[in-house]
Amino acid sequence: MKLLATSVVRGSQQGESHGGIYLLDLERERADLKLDWDAAGIDWAGRGGDRGLRGIAFDAETVYITASDELYAFAPDFSPIGSWRNPYLKHGHETSIRERTLYIASTGFDSILGFDLDEKTFTWAMHVDLQRFRFVARAYDPNADNGPLQLNRLHINNVHCDDNGMYLSGLRTGGMAHFNGTTLSMSAELPAGTHNARPFRNGVLFNDSEADRLRYVGRGDGSEDRAMAVPRYSPRELQNAEFDDGHVARQGFARGLAVLSETVVAGGSSPSTVVVYDLAGNQRLMSVNLSMDVRNAIHGLEVWPFS
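Peer 1: Would you mind showing me how to read the confidence of the model for the protein here?
Peer 2: One rule of thumb: low pLDDT means the predicted coordinates there are not for detailed reading. Of all residues in the protein, 91% have pLDDT values of 70 or greater, and the mean over the chain is 91. For residues 44-49, every residue scores under 50 in pLDDT, and the model assigns this stretch 15 contacts once sequence neighbours within four places are set aside.

Okay, here's the thing in structure tokens:
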């Protein structure tokens, strides 16, 4: 089995790598760098922003990967196919495909954007807000000029779609929300700082990034609950542990999640490391390290569908 991972490099400067795309071979426990990200159009505003590549999705023979403000399409050999921008795509994070639409969490605009995979254009958008502890969702036209302001109030960083609807979550949403096509309501309360939340078995699977843990929380008596610690490295092993402005880079930041089976999942962390966990056995099965640069962190993580 193989996984596709994207990484971001926080605090990178012009001329340095900003992350990349890696293909991980789990049987051989090795990773191949398929694309080193250094785009001329990267937005350099703000200190230490995550300027690398983010969410991953697959449609037939096309690999879709989001950057902060652009959606890219690649062939399985990573030759470029096309790219698309939208005024309401800013600080894009995770993605999910459902019924010929690719949904993107547009963090900067507290929105979910919908990209039509057949028409190759953005056709739908939903702005999310919290008012008096209740979610308020408003659909808008992503091609019009009457959309929301770029406020990033909730820091929505994840969207996941399945037969039961759309689930979204972020650093300040208070948990995982469920959208049934009409209303948006809280599905599960989660810790602050959550990434990659999604329904799994009879509960919720997510990265508890503040606690440096990958967690599964069931709805039963708690006997199946798991809190899997991400790898930690000694200070002597780490590189670039401090930004140019004196801020300290942080290892252990849990982000990136892929489901391999009903009991086995993979999660990412910083410095860029991917670990395969056996939830049933409550143990790590293996890990692959991509970089010891502590600024370099996994972002997107998906099972590679091609042979």
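Further notes follow.
Peer 1: What is the right way to read unusual backbone geometry from this model?
Peer 2: For residues besides glycine, phi is generally negative; the peptide bonds are generally trans as well. The linkage connecting Ser270 with the following residue, Pro271, adopts the cis geometry, with an omega of -10°. Mapped onto the elements, Pro271 comes out in the loop between β22 (264-269) and β23 (273-278). Even without being glycine, Phe78 reaches a positive phi, approximately 70°. Mapped onto the secondary structure, Phe78 falls in the loop between β6 (71-74) and β7 (80-84). Owing to a relative accessible area of 9%, Phe78 belongs among the buried residues under this scheme. Even without being a glycine, Asp110 presents a positive backbone phi close to 50°.

Peer 1: Is there a simple way to explain the sheet that holds strand β18 (residues 203-208) in this structure?
Peer 2: One key point about sheets: their strands pair by backbone hydrogen bonds, in either a parallel or an antiparallel sense. Strand order in the open sheet made by the 4 strands is β17-β18-β19-β20, with antiparallel pairing throughout. Edge positions in the sheet fall to β17 (194-200) and β20 (226-229), since each of these pairs with one other strand and no more. Shown here is a sheet whose adjacent strand axes are inclined to one another by a mean of 15°, direction ignored. Sheet analysis places strand β19 (residues 213-218) next to β20, joined by 4 bridges and oriented antiparallel. Note on β20: the bridge partner recorded for Arg215 is Ala227.

Peer 1: Just checking my understanding: could you explain the side chain of Asp129 for this structure?
Peer 2: Structurally, Asp129 can be placed in strand β11 (residues 121-131). The class of Asp129 is buried, set by a relative accessible area of 15%. Separated by 2.3 Å, the side chains of Asp129 and Arg153 make a polar contact. In this view, Asp129 contacts Arg134, Phe135, Val136, Arg153 and Leu154; residues no more than four positions away in its chain are not counted.

Peer 1: Explanation requested: the sheet that holds strand β10 (residues 111-116) in the structure shown.
Peer 2: The 5 strands are arranged β8-β9-β10-β11-β12 in an open sheet whose pairing can be described as antiparallel. Edge positions in the open sheet fall to β8 (92-98) and β12 (134-140), since each of these has one partner strand only. Neighbour-to-neighbour, the strand axes of the sheet open up by a mean angle of 20°, direction not taken into account. Across 6 bridges, strand β9 (residues 101-106) lies against β10 in antiparallel orientation. Considered in β10, the bridge of Thr101 is made with Asp116.

Peer 1: Which parts of the structure should I look at to understand the pairing of strand β5 (residues 62-66)?
Peer 2: The side chains of a regular strand alternate, first on one face of the sheet and then on the other. With respect to burial, β5 is a largely interior element, 5 of its 5 residues being buried. In the sheet, strand β4 (residues 56-59) pairs with β5 via 4 bridges, with the strands oriented antiparallel. The residue of β5 that forms the bridge with Asp59 is Thr62. Linkage of β4 to β5, two consecutive antiparallel strands, is achieved through a turn of 2 residues, within which Ala60 is found at a positive phi near 55°. The pairing of β5 with β6 spans 4 bridges and is classified as antiparallel. Bridge pairing links Val63 to Phe74 in β6.

What counts as what
Residues numbered from 1 in each chain as written. Predicted model: local features only at pLDDT ≥ 70, side-chain atom pairs only at ≥ 80, totals over all residues. Heavy atoms only, no water. pLDDT = per-residue confidence, 0-100. Contact = heavy atoms within 4.5 Å. Helix = DSSP H or I, 4+ residues; strand = E, 2+ residues; numbered from the N terminus. Buried < 20%, exposed > 50% of the residue type's maximum accessible area, 1.4 Å probe, protein only. Pairing = 2+ DSSP bridges. Axes fitted to C-alpha atoms, helices over the stretch in contact; angles between N-to-C directions. Polar contact = N/O pair within 3.5 Å; in protein donor to acceptor, adjacent residues only side chain to side chain.

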